[in-house]
Amino acid sequence: MERFACPTPDHMGRYRCIDDHVLCDGFIDCPTGEDEDRQNCMFYKTVSEKNFG
Ligand SMILES: [Ca+2]
C-alpha cells in the first residue's frame, strides 16, 4: 500500500500522511482538501485505470 504526504501542513504544522485508498474517495483527508483536488484526482484516476487495464 502506498502512502502520500499532504502538500500542506495542518494547524499543528504537521504533514499528514494518507493512504492511497483515501485519495479521491469523496472525503477530505488533507487539511485543505488536496487529496480531493479535481486535477490531482483526474491524474490519479487516469493512472489507476491504466494500472487496472
Ligand atoms: Ca479523501
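So, here is what we can say about the structure in this document. Small disclaimer: the values here were computed from a predicted structure and weren't measured.

The next point concerns the coordination of the calcium ion. As a benchmark, a tetrahedral metal site with four donors has ideal angles of 109.5 degrees, while an octahedral site with six donors has ideal angles of 90 or 180 degrees. Only Val 22 (O), Asp 25 (OD), Phe 27 (O), Asp 29 (OD), Asp 35 (OD) and Glu 36 (OE) from the protein reach the calcium ion as donors, at distances of 2.0 to 2.4 Å. Metal-centred angles of 75 to 167° between the six donor atoms at the calcium ion mark the site as octahedral. In the primary structure, the donors to the calcium ion are separated according to the pattern V-x2-D-x1-F-x1-D-x5-D-E. What makes Val 22 buried here is its relative accessible area of 14%.

Time to look at the state of the cysteines. Here the structure, examined in full by the defined rule, presents two disulfides. The disulfide partner of Cys 6 is Cys 30, and the S-S distance across this bridge is 1.9 Å. Between Cys 6 and Cys 30, the disulfide has an S-S torsion of -85° and is therefore left-handed. Of this pair, Cys 6 sits in the loop between strand 1 (3-5) and strand 2 (17-19) while Cys 30 sits in the loop between strand 2 and helix 1 (38-51); the two residues are 24 residues apart in sequence, bridging distant segments of the chain. Cysteines bonded in the protein chain are numbered consecutively along the chain; their disulfide partners then correspond to 1-3, 2-4. Summary of cysteine pairing: Cys 17 is not part of a disulfide, and the nearest cysteine sulfur, belonging to Cys 6, is at 7.7 Å.

Further remarks concern the environment of Pro 7. Tracing the chain through its elements places Pro 7 in the loop between strand 1 and strand 2. Remark: the alpha-carbon pair of Pro 7 and Glu 36, spanning 29 residues in sequence, is separated by 12 Å. If sequence neighbours within four positions are ignored, Pro 7 has contacts with Tyr 15 and Glu 34.

What follows concerns the environment of Arg 14. Along the chain, Arg 14 turns up in the loop between strand 1 and strand 2. Taking the relative accessible area as the measure of exposure, Arg 14 reaches 55% and is therefore exposed.

Cut-offs and rules
Residues numbered from 1 in each chain as written. Predicted model: local features only at pLDDT ≥ 70, side-chain atom pairs only at ≥ 80, totals over all residues. Heavy atoms only, no water. Donors = N, O, S within 2.8 Å, 3.2 Å for Na, K, Ca; no water. Tetrahedral: all angles 85-135°; square planar, octahedral: opposite > 155°, others 65-115°. Buried < 20%, exposed > 50% of the residue type's maximum accessible area, 1.4 Å probe, protein only. Disulfide = S-S within 2.5 Å. Helix = DSSP H or I, 4+ residues; strand = E, 2+ residues; numbered from the N terminus. Contact = heavy atoms within 4.5 Å.

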